[in-house]
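Inside the fold
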Amino acid sequence: MAIREIIVLPDKQLRLISKPVETVNTEIRQLADDMLETMYDAPGIGLAAIQVAIPLRMVTMDLAKREKEGEEVKPQPRVFINPEILASSEDLSVYEEGCLSIPEYYEEVERPARVRVRFLDLDGKVHEEDAEGLYATCIQHEIDHLNGVLFVDYLSKLKRDRVIKKFAKAARLAAK
Ligand code: NI
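Residues numbered from 1 in each chain as written. Predicted model: local features only at pLDDT ≥ 70, side-chain atom pairs only at ≥ 80, totals over all residues. Heavy atoms only, no water.

What follows deals with the environment of isoleucine 85. Residue position: isoleucine 85 is located in strand E3 (residues 78-88). Judged by relative accessible area, which is 30%, isoleucine 85 ranks as partly exposed. Once the C-alpha coordinates of isoleucine 85 and glutamine 140 are considered, the two residues, 55 residues apart in sequence, prove to be 7.9 Å apart. In contact with isoleucine 85, other than residues within four places in its own chain, are Val115, Arg116, Gln140 and Ile143. (Helix = DSSP H or I, 4+ residues; strand = E, 2+ residues; numbered from the N terminus. Buried < 20%, exposed > 50% of the residue type's maximum accessible area, 1.4 Å probe, protein only. Contact = heavy atoms within 4.5 Å.)

Further remarks concern the pairing of strand E6 (residues 114-120). Across five bridges, E3 lies against E6 in antiparallel orientation. Bridge pairing links glutamate 84 to arginine 118 in E6. Two successive antiparallel strands, E6 and strand E7 (residues 126-132), enclose a turn made up of five residues, where glycine 124 displays a positive phi of approximately 80 degrees. (Pairing = 2+ DSSP bridges.)

In this section: unusual backbone geometry. Across the junction of leucine 9 and proline 10, the peptide omega takes the value 5 degrees, indicating a cis bond. Examined against the element boundaries, proline 10 turns out to sit in the segment before helix H1 (26-41). Note that the residue after alanine 42, namely proline 43, is joined by a cis bond; omega there is -10 degrees. Positionally, proline 43 belongs in the loop between H1 and strand E1 (46-48). Non-glycine residue asparagine 82 carries a positive phi angle of around 50 degrees. Secondary-structure assignment places asparagine 82 in strand E3. Of note in the backbone geometry, glutamate 104 takes a positive phi value of approximately 60 degrees without being a glycine. As for its placement among the helices and strands, glutamate 104 is situated in strand E5 (residues 102-112).

Below, the structure is given as structure tokens:
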């Protein structure tokens, strides 16, 4: 396993449309391991392959919650290959979202409260699940990444422009 570099705004690769995984082979399982390690190291609860500059339709996630500060949490790593939303509820829910590719920026986003999702596991087996709560929000956020969409795209133009400008400026300063 290896920790990979997470790309951040304004990296244009974040706007790519990722390609489906054709075969779940050793290389894909290796990438899943690396994505999980990178996600835990960050730390974050979800990561799309494009965030480590691999334009494939793959997502890792771990929503295991800590009840008390400092308490040991049993990891619940999940891998979604070629995930897709089959249906979305009409009712919406709001979560404060963040993104490892837009560090230290959080804003509330409204999305369908429940979705039905289909994906392949690391054995190439098809699964369908109903997601709600944080799971529903997180899988929608990650699938957006596979389509080149970022959570800031749901904000007002004013807010979006402000954060995009801020990261562009930070990149210019870092390049000097
Ligand atoms: Ni993200």
